[in-house]
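One-letter residues, chain by chain:
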Amino acid sequence: MLEFFFGYLSLVIIIFSLLVVLSKNAIHSVLYMLVMFFHVAGIYLLLQAEFLAAVQIIVYAGAILVLFLFAIMLLNLREELSAEQLTDGWPASLAVVAGLLLTLMLSLGGFTTTFNGSWSPEKIKEITFTKALGQALYTGYILPFEVASIILLVAIVGAIVLAKRRLN
Amino acid sequence: MPGRYLPTEYLPVAIFIAISIAFGLGALIMGSMVRLRRPYREKLMPYESGIDPVGEPRVRFSIRFYIIAMLFVVFDVEAIFMYPWAIVFDKIGLFALIEMIIFIVILLVGYVYALKKEAFRWE
Amino acid sequence: MIPLHWYLWLGSIVFCIGIFGFLAKRNIIIMFLSIELMLNGVNISLVALSHYMQDLRGEILVFFIIAVAAAEAAIGLAIVVSLFRNRTSPHVDEIRELKG
């Protein structure tokens, strides 16, 4: 049963990732990406990270993709469907990527870990994932948490400066 | 043992998604099987003697939409950080409150900046 | 029982598709989407490793990656919009000046 779900989710993820990269129309790419994000959220559910699945849907599918759609509508680019979609050097990049993929597949085959932390699946199931994550996050990762707020501040200021210059 | 976990409590969600997809697709397929198909040119014209469209369908949007969407993304992420904090608040207590106040104050600086730059004004 | 390397394979396939899209496409929006694909590939691997190591560090890292990805998309798309606002094609190889 678990293998069936994993197979379905990974098949859809791989097919829709390829469609994102190979489609000619940027809006179609964004919509394929939406399907792919939902299935990645399914993978997170299988890995017992249900809060991350929710974050994936809320932030990626709900916010970032909306931003992408806004950017496409703002640019008002005439889709040159007949124009060349790939750069001249695409066979070279395909070769690089194929080599990298082969290396990764061969080196990761049969990879297992013997490390055992303190958060076993049974323990997480008992106190729920969100609570476990919150406990670990807000006791041991205070500095990254505050730095994340500064990164978000930079995002607000930077995007307003860039967009406002265009407006005036 | 990791790797054996099956999220059984999400089975209703899976059933719900399956039913909604089946309902949507089923309605479309049933409709296309039953209905007549007679396309002719008048059906593509504007409704009730409307004006013929001029120019391209893709109009250029105002960049204000983008500023609003961008602010939404950033504050969405802020709200996401608050969710696990609210769940464990009773366990960590005052320390968590101070952490979150610092977090919100830093983001409030960005909010005040957006307000000062009139990012929310829509003239 | 799913072995750990299935998840790592899935993550690396998504990552490689993202690299290919970023290197080979000319459309700036699809290049940006490819970056998000690469981040998702890494996130799958991190969550899988975290689950199999019975440790929460990888999942916390994924949480921060998603937050930073939102900031990165906001800034990056603002740059794209200000660069391409007065152009008619989305192709990166036609950008030759530094000033937008």
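Just so we're clear, the structure is a prediction, and the values are computed from it rather than from any experiment. (Residues numbered from 1 in each chain as written. Chains lettered and ligands numbered in written order. Predicted model: local features only at pLDDT ≥ 70, side-chain atom pairs only at ≥ 80, totals over all residues.)

S.K.: Is there a simple way to explain the overall build of chain C in this structure?
M.R.: Check the secondary structure of chain C and you find three helices and zero strands. For chain C, the sequential pattern of α-helices and β-strands runs α-α-α. Radius of gyration (C-alpha) of chain C: 17 Å, far over the 13 Å computed for a compact globule of 100 residues. Each principal axis of the C-alpha atoms in chain C carries an extent, and together these give about 55 × 25 × 15 Å. (Helix = DSSP H or I, 4+ residues; strand = E, 2+ residues; numbered from the N terminus. Rg over C-alpha atoms; globule rule 2.2 N^0.38 Å.)

S.K.: Explain the overall build of chain A to me, please; I cannot follow it from the model alone.
M.R.: Counting secondary structure elements, chain A contains seven helices and zero strands. Mapped in sequence order, the helices and strands of chain A form the string α-α-α-α-α-α-α. Radius of gyration (C-alpha) of chain A: 21 Å, far over the 15 Å computed for a compact globule of 168 residues. Overall, chain A is about 55 × 45 × 25 Å in size when its C-alpha atoms are taken along their principal axes. Counting all 168 residues of chain A, 35% fall into the buried class. (Buried ≥ 20, exposed ≤ 12 C-beta atoms within 10 Å, placed from the backbone.)

S.K.: Would you mind showing me how to read the domain arrangement of chain A here?
M.R.: Quoted interface sizes are often the accessible area lost when the parts come together. All names here are of chain A. Along its sequence, chain A is carved into domain 1 (1–77) and domain 2 (119–168). Summarising the inter-unit geometry, the C-alpha centres of domain 1 and domain 2 are found 21 Å apart. In this complex, domain 1 contributes four residues to the contact, which on the side of domain 2 involves five residues. In the side of domain 1 that touches domain 2, the residues fall into two nonpolar, one polar and one charged. (Domains from an automatic or database assignment. Contact = placed C-beta atoms within 7 Å. Nonpolar A, V, L, I, M, F, W, Y, C, P; charged D, E, K, R; others polar.)

S.K.: Is there a simple way to explain the packing of helix α2 (residues 28–52) of chain C against helix α3 (residues 57–84) of chain C in this structure?
M.R.: The relative placement of two packed helices is expressed as an angle between their axes plus a distance between the axes. Residues and elements named next belong to chain C. Where α2 contacts α3, the axes come no closer than 10 Å and their chain directions differ by 175°. The orientation of α2 relative to α3 falls into the category roughly antiparallel. On α3, the residues touching Ile 28, Phe 32, Glu 36, Leu 39, Asn 43, Leu 46, Val 47, Leu 49 and Ser 50 of α2 are Arg 57, Gly 58, Glu 59, Leu 61, Val 62, Ile 65, Ala 69, Gly 76, Leu 77, Val 80 and Phe 84. Across the contact of α2 with α3, the residue classes tally to 13 nonpolar, four polar and three charged. (Axes fitted to C-alpha atoms, helices over the stretch in contact; angles between N-to-C directions. Parallel < 35°, antiparallel > 145°, perpendicular 65-115°, else oblique.)

S.K.: Explain the nonpolar core to me, please; I cannot follow it from the model alone.
M.R.: For soluble globular proteins, the rule of thumb is that nonpolar side chains tend to be buried together. Core analysis: the largest hydrophobic core is formed by 110 residues, its most contacted members being Leu67(A), Ala71(A), Met70(B), Val74(B), Ala70(C), Ala74(C) and Val81(C). Top contributing element to this core by residue count: α3(C), with 16 residues. Looking at which domains feed residues into this core, each of domain 1 (1–77) and domain 2 (119–168) of chain A supplies at least three. Not counting residues up to four positions away in its chain, the partners in contact with Ala70(C) are Val59(A), Ala63(A), Ile64(A), Val73(B), Val74(B) and Val77(B). (Core = buried A, V, L, I, M, F, W, Y, C linked by C-beta atoms within 7 Å.)

S.K.: Just checking my understanding: could you explain the interface of chain B and chain C for this structure?
M.R.: The partner chain C presents 13 residues to the nine residues of chain B that form the contact. Of the residues in the side of chain B that touches chain C, the class split is seven nonpolar, one polar and one charged.

S.K.: Got a minute to help me understand helix α3 (residues 50–75) of chain A in this structure?
M.R.: One turn of an α-helix holds 3.6 residues; hence residues three or four places apart share an orientation. Relative to the 38 Å expected for 26 residues at 1.5 Å per residue, α3(A) spans 36 Å between its end C-alpha atoms, a close match to the ideal helical length. Along α3(A), the helix axis deviates most sharply at Leu65(A), where the bend reaches about 25°. (Expected span 1.5 Å × (residues − 1). Bend = angle between axes of the 7 residues up to and from the residue.)

S.K.: Sorry, what's going on with the packing of helix α1 (residues 2–22) of chain A against α2(C) here?
M.R.: Here α1(A) crosses α2(C) at 155°, and the two axes come no closer than 9 Å. Relative to α2(C), the element α1(A) lies roughly antiparallel. As for the relative orientation of α1(A) and α2(C), their crossing is left-handed in sense. Counting all contacts with α1(A), which are made through Ser17(A), Val20(A) and Val21(A), the residues of α2(C) involved are Ile30(C), Leu33(C), Ser34(C) and Leu37(C). (Left-handed = near helix turned anticlockwise from the far one by under 90°.)

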